[in-house]
Amino acid sequence: QAGFVFHHANAFEVDNEIVIDSICYETLPEVEPESDFRQVNFEAISPGQLWRFHVNLENGKLYSQIIESRCCEFPSINPELVGRDYQYLYIGAAHGETGNAPLQALLKIDLKSGERQLWSAAPRGFIGEPIFVPRPDAKKEDDGWVLSLVYDATHHRSGLVILDASDFNKGAVAKLHLQHHIPYGLHGNFTTEI
């Protein structure tokens, strides 16, 4: 089935298969260049959804399955597992379970058990890409933090939210409020070097 992908979460090889996890759209989401993004009818645009593809290297056949039907984008994983089998994925998500909408939540997905944990900044918070930061000397895949910029539309400022990557249900570990807003962007990175 044809579709469009902006971002891949991960890919790895298992036995005779390549497994690829990607955010897929029915078609390229288009917004006119001179349009006001605040007036976009999100319901008219197909949402990004997380899919898993299995490519059989022996017979060339492809099998696909949806992992997350909630509108989502900007997947992040523990960087130590890029290109390897993994269990936990962190992703920006819509607050609501259905339809297309701006990203207002962070979603943790356990790919082995199917468990989901959602932290939401709705109704007036809008999140950026989640970044996984491993705890030094971590022993478990989800031992670390998830960082994301959050635009606070009520106060017209941005902040950084920090979640315990092992348990989103604890709520934010910290919220760092900035005095102004940061223009809404797409990607982020974390480095221990200055």
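All of the points below concern the structure found in this document. The model shown is predicted, which means the values in this text are computed figures rather than measured ones.

1. Observations regarding the overall build of the protein
A tally of regular secondary structure across the protein gives 0 helices and 13 strands. In sequence order, the secondary structure elements of the protein are arranged as β-β-β-β-β-β-β-β-β-β-β-β-β. Taking 2.2 N^0.38 as the reference for a compact globule, 194 residues should give roughly 16 Å; the C-alpha atoms of the protein span a radius of gyration of 17 Å, in line with that estimate. With the principal axes as the frame, the protein shows a C-alpha extent of 55 × 45 × 30 Å. In the protein, which comprises 194 residues, the proportion classed as buried is 40%. Put simply, of all contacts in the protein between residues at least 6 apart along the chain, 46% involve residues at least 24 apart. If you sum the accessible surface of the protein, you get close to 11600 Å²; carbon and sulfur atoms cover 52% of it. Once the 15 positive and 27 negative side-chain charges of the protein are each reduced to a mean point, those two points are 7 Å apart.

2. Side note on the side chain of Arg52
The residue Arg52 is located in strand S3 (residues 49-56) in this model. At 2.7 Å, the side chain of Arg52 and the side chain of Asp21 are in polar contact. Setting aside anything within four residues of it in sequence, one finds Arg52 in contact with Phe12, Val19, Ile20, Asp21, Tyr63, Ser64, Gln65, Ile67, Tyr86 and Leu111.

3. Looking at the environment of Gln104
Tracing the backbone shows Gln104 in strand S7 (residues 103-110). Each C-alpha atom, one on Gln104 and one on Val150, is 8.4 Å from the other, the two residues being 46 residues apart in sequence. Ignoring anything within four residues of it in the chain, the contact list for Gln104 reads Ala93, Ala94, His95, Ser120, Ala121, Ala122, Pro123, Arg124, Gly125, Phe126 and Ile127.

4. Observations concerning the sheet that holds strand S1 (residues 4-14)
Reading across the sheet, the 4 strands line up as S1-S2-S3-S4 and stay open at both edges, with antiparallel pairing between neighbours. Of all the strands in the sheet, the pair left with one neighbour each is S1 and strand S4 (62-68). Adjacent strand axes in the sheet meet at a mean angle of 25° when their direction is disregarded. In this sheet, strand S2 (residues 17-25) lies alongside S1 in antiparallel orientation, the contact comprising 8 bridges. Within S2, the residue paired with Val5 across the bridge is Cys24.

5. Let's talk about the sheet that holds strand S8 (residues 116-120)
Sheet architecture is open: 4 strands sit in the order S5-S6-S7-S8, paired in antiparallel fashion. Edge positions in the sheet fall to strand S5 (72-76) and S8, since each has one partner strand and no second. Pairwise comparison of adjacent strand axes, ignoring direction, gives a mean angle of 25° for this sheet. Judged from the 5 bridges that link them, S7 and S8 form a sheet pairing that is antiparallel. The residue of S8 that forms the bridge with Leu106 is Trp119.

6. Remarks on the packing of aromatic side chains
One pass over the full model with this rule turns up 5 aromatic pairs. The interplanar angle of 85° and the centroid separation of 4.7 Å between the aromatic rings of Phe4 and Phe6 together place this pair among those described as edge-to-face. Overall, the relative accessible area of 24% leaves Phe4 in the partly exposed class. Above the ring of Tyr88, the side-chain terminus of Lys108 is found at 4.3 Å from the ring centroid.

7. Focus on the environment of Ile91
Within the fold, Ile91 resides in strand S6 (residues 88-94). By relative accessible area, which is 1% here, Ile91 ends up buried. Non-local contacts of Ile91, meaning those with residues more than four positions away in its chain, are made with Ile23, Cys72, Glu73, Phe74, Pro75, Ala105, Leu106, Leu107, Ile109 and Pro130.

Calculation rules
- Residues numbered from 1 in each chain as written.
- Predicted model: local features only at pLDDT ≥ 70, side-chain atom pairs only at ≥ 80, totals over all residues.
- Heavy atoms only, no water.
- Helix = DSSP H or I, 4+ residues; strand = E, 2+ residues; numbered from the N terminus.
- Rg over C-alpha atoms; globule rule 2.2 N^0.38 Å.
- Buried < 20%, exposed > 50% of the residue type's maximum accessible area, 1.4 Å probe, protein only.
- Contact = heavy atoms within 4.5 Å.
- Areas by Shrake-Rupley, 256 points an atom, 1.4 Å probe, with all protein chains shown as cover.
- Lys, Arg positive; Asp, Glu negative; His and termini not counted.
- Charge placed at Lys NZ, Arg CZ, Asp CG, Glu CD.
- Polar contact = N/O pair within 3.5 Å; in protein donor to acceptor, adjacent residues only side chain to side chain.
- Pairing = 2+ DSSP bridges.
- Axes fitted to C-alpha atoms, helices over the stretch in contact; angles between N-to-C directions.
- Phe/Tyr/Trp six-rings, centres within 6.5 Å; stacked < 30°, edge-to-face > 60°.
- Lys NZ or Arg CZ within 6 Å of the ring centre and 35° of its normal.

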